[in-house]
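Topology and contacts: notes
Each chain is listed here by its residues.
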Amino acid sequence: MILLVSTCKEKLHEREFVEPYMSYLEKTVDVVAIHYTKLKIDDVAKADCIVICGTGLMDNGYLEHIERFSWIRDANKSIMGVCSGAQIIAAVFGGKIVPDKLIGMVSVRGTLFDRREFPAYVLHQNGFETPENFDTLAASGKSIQAIKHKTRPIYGVAFHPEVRNMWVLEKFLGVNT
Amino acid sequence: MRVACLVSGGKDSLYSAYIAKKEGYEIVCFLSVWSKNPDSYMFHTPNVRLTALQAEAAGVPILVQETEGKKEEELDDLRRLLQTAKERYGIEGVTTGAVGSVYQASRIQGICLDLGLWCFSPLWQTLPEKHLRRLLADGFDVIVTSVAAYPLDERWLGRRIDEVAVSELLKLQEEYGISPIGEGGEFETFVTDCPLFNQKIRIVKSRKEYADHAGTFVVEEAGL
């Protein structure tokens, strides 16, 4: 079962940032979407893979509630954070969230699931620094685009895979099996 | 939240406004950019002036910005429109009908952020077949107002998108690779009725202009 965690302060944003994953996955697998404020330990326990979805540019609500994501530290699950989700993962593991305004298509370079270079859609006011026990997998210029925990299947991507890069989700889901 | 809805008159922008209202957002006004450039990258042009009639049908005011439609300069016109909406109506957010155009989305997103406005595109990345079926199920009366790709021909101009049309569009996607929702600019639409409207829009007089698989259904007269 795949758990999508919404970080959206505004319900209308879930159509843009959670729904694309839901529509893509629900045809073939069990998937459930839960807002981070309503998430229970049981929901995390039941999931095989967890995707923490992004949110809109004006939305910084999640930044004031990083403590509600402390479950990430001890969850023995595959987790991928998208944009705000990646910032949250970085913060939970002691990394810094930094101002970094990026809107539009950028070229991502590095090695993410064997892809070395690809165009990606970014939409954020904040970026993050790679936490101590994480590797930097890819970047675009000075902006970190992908990180991975050194030993656990925990990923953070600053760009939005749901726009033209769903292969990232596919590869991430493949990691677990 | 008080939102303004950017509308072109077509199915995507109107359906996005409908989603916003359904989710409990207050539609304060419609916003529309009337481009004099038929090849505008940003703003869809066929019959865009009819958005004023749609606003009337929906019982909301509309703010209009005319633009020459010069690439990138037309963004200043959009910025001006959003700024005016903020000052006059106290809007906090904007809805758009953007589905997959990164070009459109990133530009609107940037302007909204600069102005401190929330930006919502509820149809972002929507699956085409799902979108078409929802339009029908939710009572949207949509007609095709322009075509620009083979094999969409003159027969499509003014045609209502019903179950049969949806099946045909999906088949054309299979055979020719066209987007069944016109995401590649293959066709444009106009909404004559939907749950947002208190009255239907009647097309009184129209004409077709068509040559080489590109054409427009020009509405000359319409009313409520």
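This report concerns the structure included in the present document. (Residues numbered from 1 in each chain as written. Chains lettered and ligands numbered in written order. Predicted model: local features only at pLDDT ≥ 70, side-chain atom pairs only at ≥ 80, totals over all residues. Heavy atoms only, no water.)

**Focus: the pattern of salt bridges**
Evaluated as defined, the whole model comprises 22 salt bridges over all chains. We note a salt bridge from Lys130(B) to Glu26(A), for which the minimum N-O separation is 3.1 Å. With Lys130(B) in helix H5 (residues 128-137) and Glu26(A) in the loop between helix H2 (19-25) and strand E2 (31-35), this pair bridges two chains. Of the residues examined, Glu26(A) reaches a relative accessible area of 40% and is grouped as partly exposed. A salt bridge links Asp141(B) to Arg160(B); its shortest N-O distance comes to 3.0 Å. Taken together, the residues span a long stretch of sequence, with Asp141(B) in strand E6 (residues 141-147) and Arg160(B) in the loop between E6 and helix H6 (163-176) at a distance of 19 residues. (Salt bridge = Lys/Arg side-chain N within 4 Å of Asp/Glu carboxyl O. Helix = DSSP H or I, 4+ residues; strand = E, 2+ residues; numbered from the N terminus. Buried < 20%, exposed > 50% of the residue type's maximum accessible area, 1.4 Å probe, protein only.)

**Topic: helix H1 (residues 11-22) of chain B**
The first and last C-alpha atoms of H1(B) sit 16 Å apart over twelve residues, in line with the 16 Å expected at 1.5 Å per residue. At the exit of H1(B) stands Gly24(B), carrying a positive phi of roughly 95°. (Expected span 1.5 Å × (residues − 1).)

**Concerning the interface of chain B and chain A**
Contacts between the two partners involve 26 residues from chain B and, on the opposite side, 25 residues from chain A. Both faces considered, chain B and chain A share a buried interface measuring about 2,300 Å² in area, 63% of it formed by carbon and sulfur atoms. The tally of links from chain B across to chain A stands at five salt bridges. If you look at where chain B meets chain A, you find ten residue pairs in polar contact (both at pLDDT 80 or more). By residue number, the principal contributor to the side of chain B that touches chain A is helix H4 (residues 102-114) of chain B, which donates seven residues. Within the side of chain B that touches chain A, the residues separate by chemical class into 14 nonpolar, eight polar and four charged. (Contact = heavy atoms within 4.5 Å. Buried area = accessible area lost by both parts, 1.4 Å probe. Polar contact = N/O pair within 3.5 Å; in protein donor to acceptor, adjacent residues only side chain to side chain. Nonpolar A, V, L, I, M, F, W, Y, C, P; charged D, E, K, R; others polar.)

**Regarding the sheet that holds strand E1 (residues 2-6) of chain B**
Residues and elements named next belong to chain B. On the basis of which strands lie adjacent, the open sheet formed by five strands has the order E3-E2-E1-E4-E5 and parallel pairing. Either end of the sheet is taken by a strand with one partner, and the two such strands are strand E3 (62-67) and strand E5 (118-120). Each strand of the sheet is rotated relative to its neighbour by a mean of 25°, with strand direction disregarded. Where strand E4 (residues 93-95) lies against E5, three bridges are found, and the strand directions are parallel. When the bridges of E5 are listed, Val-94 appears paired with Cys-119. Against the sheet, H1 contacts E1, strand E2 (26-35) and E4, and its axis sits at roughly 165° relative to E2. Along the sheet, helix H2 (residues 51-58) makes contact with E2 and E3, crossing E2 at roughly 170°. (Pairing = 2+ DSSP bridges. Axes fitted to C-alpha atoms, helices over the stretch in contact; angles between N-to-C directions.)

**A few points about the sheet that holds strand E5 (residues 97-112) of chain A**
Spatially, the nine strands line up as an open sheet ordered E2-E1-E3-E4-E9-E8-E7-E5-E6 (chain A), and their pairing is mixed. Pairing within the sheet leaves two strands with one partner each, and these edge strands are E2 and strand E6 (115-128) of chain A. Direction aside, neighbouring strands of the sheet carry axes that sit 25° apart on average. One ladder, built from six bridges, connects strand E7 (residues 134-140) of chain A with strand E8 (residues 143-149) of chain A; its direction is antiparallel. Opposite Thr136(A), over in E8(A), you have Ile147(A) as the bridge partner. The sheet strands contacting H4(B) are E5 and E6 of chain A, and the helix crosses E5(A) at an angle near 155°.

So, to be careful, I would describe these as geometric facts and stop short of saying anything about function.
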